[in-house]
Protein chains: 2
Amino acid sequence: MAVKYHRLKNEKNPLLIILSGPSGVGKDAVLSRMKESGYPLYYTVTATTRPRRPGEVDGVDYLFISQEKFAEMIRNGEFLEWANVYGNLYGVPKKPVKQALASSQDVIIKVDVQGATTIKNILPQAVFIFLAPPSVEELYQRLKERKTESTAELELRLRKARQEMESLSLFDYVVVNYRDKVDLAISQIQAIITAEKCRVNQRIINPEVM
Amino acid sequence: MAVKYHRLKNEKNPLLIILSGPSGVGKDAVLSRMKESGYPLYYTVTATTRPRRPGEVDGVDYLFISQEKFAEMIRNGEFLEWANVYGNLYGVPKKPVKQALASSQDVIIKVDVQGATTIKNILPQAVFIFLAPPSVEELYQRLKERKTESTAELELRLRKARQEMESLSLFDYVVVNYRDKVDLAISQIQAIITAEKCRVNQRIINPEVM
């Protein structure tokens with residue numbers, strides 16, 4: 001028991017944080033704001049085959065790669081999780097995640113709800129956070145304002161968002177991302193990380209299973 | 001599931017937080033600083049038969065009552081938990097805790113480690129926080145500086161503190177109270193409260209069982 005107490009003080013177990021939620025809820029905005037503020041986490045960059053949107057930077061917002069490269073990475077088992085989302089491929093490269101955990105850095109991964117479910121099966125000891133809109137109607141407005149989807153795509157995303165809300169019970173925490181209150185969501189995510197580091201029964205991530 | 005999501009947004013389930021830890025670790029200092037800062041909690045006042053120390057205010061720091069009054073409250077079942085600590089009686093009155101929870105206020109109760117164990121049996125859904133010293137040696141120094149105990153009492157408290165450290169596994173969280181860093185401990189306690197309010201599986205306290 002003395003050993004355990006000693007171990008807690010060392011705070012050496014890195015956390016693996018999975019940030020998920022419906023498309024359009026603001027996962028990217030939350031993460032880029034946290035990153036800008038210098039909050040100490042390893043921010044995983046997702047690889048994707050979707051076209052770059054105005055303002056997005058390759059290697060920062062996403063790793064923009066070709067269909068061919070993506071297919072090769074799948075064949076080599078280089079993704080922790082990958083998915084076809086509305087015709088575009090998205091994947092979380094394993095290697096940087098393993099490296100960051102090995103150097104005791106806390107890691108945050110952004111994935112869609114289906115991806116979070118996949119990761120939950122592989123790494124149940126990760127911290128699962130669901131970023132939720134105040135309501136589905138609010139989500140519709142945000143997606144509409146983003147003007148990156150057609151009306152048909154919008155409807156598809158909304159239907160999916162309703163389904164995704166039903167996966168809430170797979171998550172440990174839910175953080176509501178209110179409009180113009182992204183700092184509130186960020187402070188709650190940071191509080192969750194701080195609290196998890198104070199847990200007596202610490203979560204231990206085994207990178208070998210990835 | 002839609003119902004659950006709705007419920008989470010309402011944030012109506014009050015938390016019952018149990019702050020415990022060895023004598024001399026700084027539970028009182030942490031709580032009075034939190035209270036002064038206006039952090040919104042119902043701060044339970046413990047009843048005691050021990051003599052008032054210089055600077056302590058009746059009804060604020062403790063409810064200083066006679067042995068006779070204490071015995072009467074025990075007979076009437078008015079304590080959530082009570083204990084004989086080094087010859088003095090300490091008890092947590094039930095009534096204000098029940099009233100605060102009924103009005104959806106989060107409640108924090110300060111108790112010794114034995115008291116936390118008792119409350120864990122009655123109310124396992126409470127949030128149990130162990131305030132720990134950086135080391136037992138550090139705790140000895142603090143108790144010595146407080147100059148309220150004789151050398152024999154100091155030895156007794158230290159032996160007990162070592163035993164109490166072994167109760168850590170009964171707790172949900174451990175917060176280390178470093179010397180001159182009480183604000184760090186407070187920010188961790190506040191983070192734990194924020195995180196607990198974001199939990200998908202909310203803790204539901206039943207005041208009826210008290």
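Residues numbered from 1 in each chain as written. Chains lettered and ligands numbered in written order. Predicted model: local features only at pLDDT ≥ 70, side-chain atom pairs only at ≥ 80, totals over all residues.

**Considerations on the overall build of chain A**
To be explicit about the condition: The way it works is that DSSP assigns letters per residue, a run of H or I at least four long becomes a helix, a run of E at least two long becomes a strand, and they are numbered from the N terminus. Contact definition: two residues whose C-beta atoms, as placed from backbone geometry, lie within 7 Å.
From N to C terminus, chain A includes 8 helices and 9 strands. Across chain A, contacts joining residues at least 24 apart in sequence account for 71% of those joining residues at least 6 apart.

**Focus on the sheet that holds strand 6 (residues 88-93) of chain A**
Residues and elements named next belong to chain A. Going by this rule: Two strands pair under a simple rule: DSSP has to find at least two bridges between them.
With mixed pairing, the 4 strands of this open sheet are ordered in space as 4-3-6-5. Each end of this open sheet is capped by a strand with a single partner; those strands are strand 4 (63-64) and strand 5 (79-85). Judged from the 6 bridges that link them, strand 5 and strand 6 form a sheet pairing that is antiparallel. Opposite Ala 83, over in strand 6, you have Tyr 90 as the bridge partner.

**Section: the sheet that holds strand 7 (residues 107-110) of chain A**
All names here are of chain A. Our working rule: To obtain an axis, a line is fitted to C-alpha atoms, over the contacting stretch when the element is a helix, and the angle between two such axes runs from 0 to 180 degrees between their N-to-C directions.
With parallel pairing, 5 strands are arranged side by side in an open sheet as 2-7-1-8-9. Every interior strand has two partners, whereas the edge strands, strand 2 (42-43) and strand 9 (173-176), have only one. In terms of strand pairing, strand 1 (residues 16-20) meets strand 7 through 4 bridges, oriented parallel. Residue pairing in the sheet places Leu 19 in a bridge with Lys 110 of strand 7. Strand contacts of helix 5 (residues 113-122): strand 1 and strand 8 (127-132), with the helix running at about 155° to strand 1, the strand carrying the most contacts. Sitting on the sheet, helix 8 (residues 182-198) touches strand 1, strand 8 and strand 9, and the angle it makes with strand 8 is about 165°.

**Digging into helix 4 (residues 94-102) of chain B**
All names here are of chain B. Short version of the rule: Three exposure classes are used, based on other C-beta atoms lying within 10 Å of a residue's own C-beta, which is placed from the backbone: buried for 20 or more, exposed for 12 or fewer, and partly exposed in between. To obtain the arc, one takes the directions from the helix axis to the C-beta atoms.
For helix 4, the full list of buried residues reads Val 97, Ala 100 and Leu 101. Viewed along the axis of helix 4, the buried residues span an arc of 95°, placing them on a single side of the element. What points out from helix 4, more than 90 degrees from its buried face, is the exposed set Lys 95 and Ala 102. Among the structural elements, strand 1 (16-20), strand 2 (42-43), strand 5 (79-85) and strand 7 (107-110) are those in contact with the buried residues of helix 4. Of the residues one or two after helix 4, Ser 104 is the one with positive phi, at around 60°.

**Quick look at the nonpolar core**
What counts is decided by this rule: By definition, a nonpolar core groups buried Ala, Val, Leu, Ile, Met, Phe, Trp, Tyr and Cys residues that are joined through C-beta atoms within 7 Å.
Counting 98 residues, the largest nonpolar core has Ile 129 of chain A together with Ile 129 of chain B as its most contacted members. Residues in contact with Ile 129 of chain B, not counting those within four places in the same chain, are Ile 17, Ile 18, Leu 19, Phe 171, Asp 172, Tyr 173, Val 175, Ile 189 and Ile 192 of chain B.

**So, helix 8 (residues 182-198) of chain B**
For the record, the criterion: Given a helix with a known number of residues, its expected span is that number minus one, times 1.5 Å.
Between the first and last C-alpha of helix 8 of chain B there are 25 Å, a value that for 17 residues agrees with the 24 Å anticipated at 1.5 Å per step. Three or more residues of helix 8 of chain B are buried, namely Ala 185, Gln 188, Ile 189, Ala 191, Ile 192, Ile 193, Ala 195, Glu 196 and Cys 198 of chain B. Buried residues along helix 8 of chain B sit against strand 9 and helix 8 of chain A together with strand 1, helix 2 (27-36), strand 8 (127-132) and strand 9 (173-176) of chain B.

**Considerations on the environment of Leu 89 of chain B**
All names here are of chain B. Turning to its location among the elements, Leu 89 is positioned in strand 6 (residues 88-93). In this structure, the C-alpha to C-alpha distance between Leu 89 and Ala 71, residues 18 residues apart in sequence, is 9.5 Å. Excluding anything up to four places from it in sequence, Leu 89 contacts Thr 48, Thr 49, Phe 70, Trp 82 and Asn 84.

**Quick look at the packing of helix 6 (residues 136-146) of chain B against helix 7 (residues 151-165) of chain B**
Residue and element names in this part refer to chain B. As a reminder of what qualifies: Put simply, angles under 35 degrees are roughly parallel, angles over 145 are roughly antiparallel, angles from 65 to 115 are roughly perpendicular, and the rest are oblique. Handedness of a helix crossing follows the sense of rotation of the near helix relative to the far helix, less than a right angle counterclockwise being left-handed and clockwise being right-handed.
With their axes 10 Å apart at the nearest point, helix 6 and helix 7 run at an angle of 150° to one another. One finds that helix 6 runs roughly antiparallel with respect to helix 7. The chirality of how helix 6 crosses helix 7 is right-handed. Judged by residue contacts, Val 136, Leu 139, Tyr 140, Leu 143 and Lys 144 of helix 6 engage Leu 154, Arg 157, Leu 158, Ala 161 and Arg 162 from helix 7.

**Some points on the pairing of strand 6 of chain A**
Judged from the 2 bridges that link them, strand 3 (residues 47-48) of chain A and strand 6 of chain A form a sheet pairing that is antiparallel. Across the sheet, residue Thr 48 of chain A finds its bridge partner in strand 6 of chain A, namely Tyr 90 of chain A.

**Overview of the confidence of the model for chain A**
A low pLDDT score tells you not to read the predicted coordinates there in detail. All names here are of chain A. Using the following cut-off: Each residue carries a pLDDT value, the predictor's own confidence for that position, ranging from 0 to 100.
Looking at chain A as a whole, the pLDDT averages 90, with 95% of positions reaching at least 70. At the level of individual helices and strands, chain A shows its lowest average pLDDT in helix 1 (residues 2-10), which scores 45, and its highest in strand 1, which scores 98. Overall, residues 6-10 carries pLDDT values under 50, and its contacts beyond four positions in sequence, including any with other chains, amount to 2 contacts. For this predicted complex, the interface confidence score (ipTM) comes to 0.88, while the overall pTM stands at 0.90.

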